[in-house]
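What follows is each chain in one-letter form.
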Amino acid sequence: MAQMRFITALLWLLAAAPLAAQEDARPDLSIREPERGARARTYVLASLIYKDAEDGIDRFPLAVPELIQYVEDNTELDVRLRGEDRTLRQLDGITLLYMSGNNAQLRIGAEDRRWLGRFLQDGGLLYAEDVRPRGLGRFRFGDAGRSGTPFDRQFKELVKDSDILGADGSRWRKVPRDHALYSSFFALPDGPPPGAHQPGTITDLEMLEYRGRVAVLFSDLNLTYFWGDPQAHSRAPSLRFGVNLLVFAIARQQAGPALR
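Attention in this report is confined to the structure presented alongside it. (Residues numbered from 1 in each chain as written. Predicted model: local features only at pLDDT ≥ 70, side-chain atom pairs only at ≥ 80, totals over all residues. Heavy atoms only, no water.)

Turning next to the sheet that holds strand β7 (residues 213-219). The sheet built from seven strands is open, its strands ordered β2-β1-β3-β4-β7-β6-β5 with mixed pairing. Lying at the two open borders of the sheet, with one neighbouring strand each, are β2 (80-86) and β5 (173-174). Of the pairings in the sheet, the one linking strand β3 (residues 96-101) to strand β4 (residues 126-130) comprises five bridges and is parallel in character. Note that in β4 the partner of Gly 101 across the bridge is Asp 130. Helix-sheet contacts for helix α6 (residues 236-255) involve β1 (42-48), β2, β3, β4 and β7, and the interaxial angle to β7 is about 160°. (Pairing = 2+ DSSP bridges. Helix = DSSP H or I, 4+ residues; strand = E, 2+ residues; numbered from the N terminus. Contact = heavy atoms within 4.5 Å. Axes fitted to C-alpha atoms, helices over the stretch in contact; angles between N-to-C directions.)

Let us look at the packing of aromatic side chains. Under the definition given, this model contains 12 aromatic pairs. A centroid spacing of 6.2 Å and a plane angle of 20° characterise the contact between Tyr 127 and Trp 227, whose relative ring orientation is stacked. One end of the pair, Tyr 127, is in strand β4; the other, Trp 227, is in helix α5 (residues 224-228), and 100 residues separate them in sequence. By the burial criterion, Tyr 127 is buried, and Trp 227 matches it. Taken together, a centroid distance of 6.4 Å and an interplanar angle of 55° make the contact between Phe 155 and Trp 172 tilted. Placement of Phe 155 in helix α4 (residues 150-158) and of Trp 172 in the loop between α4 and β5 is noted, with a sequence separation of 17 residues between them. When sorted by exposure, Phe 155 lands in the same class as Trp 172, which is buried. Three or more aromatic residues link up through ring pairs in this structure, and these residues are Tyr 98, Tyr 127, Trp 227 and Phe 241. Between the NZ or CZ atom of Arg 118 and the centre of the ring of Trp 115, over which it lies, the distance is 4.8 Å. Here Lys 156 stacks its cationic end above the ring of Trp 172, 5.3 Å away from the centre of that ring. (Phe/Tyr/Trp six-rings, centres within 6.5 Å; stacked < 30°, edge-to-face > 60°. Buried < 20%, exposed > 50% of the residue type's maximum accessible area, 1.4 Å probe, protein only. Lys NZ or Arg CZ within 6 Å of the ring centre and 35° of its normal.)

These results come straight from atomic positions and should not be treated as a statement about function.
So this is what it looks like as structure tokens:
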């Protein structure tokens, strides 16, 4: 039932235009207001701030604003988007929560874990990514693009907490290439684009589902580096993926929470 509601919401979002199958396609896509005559809804993309996360190392402050700018400049999505920085105690009304990390220790207390758990269990979507910044004239790739890095381990341990997703937080699986995430706006038949990382063993995103709906998406591919650095070369593929992620998140929110 939850999957059918998501499909209905996604079809509703895309009803005004065909899928953008080519890189330069500009679909005429319009999201209707929820009620006739009502003010258009604003969709919030929130970048998570947490203790010890260092700007430019663990999080890219421009990632969300630059993605929103790309949507405005390169698509005809008729939506109101707002980017915000939020803490784990400020998760109300969020369409997509973005969290990243590199070296920071995830020292997240019990109360904050409960807030995150409530957000995810009530239908929220979290996109988390293990990131690496650009250093002096070159990428500090390090061990990006590989499993078992510090943020990878800490984050996956975090979501297994009984206050967050509990047993569901251990059921990671790859996002299949035919998943709606890769066709929600731009056609991405090969799955996620190449990220800013060394060739490694990771080529796919991972996901956790809660009551049959995607609750968490995880990336080791450093894709949001390209969102957050206006000077980075070959940004378009990662930004197009970001548009798909955003449309997917909006469709989930329109579909409503999973049936309990």
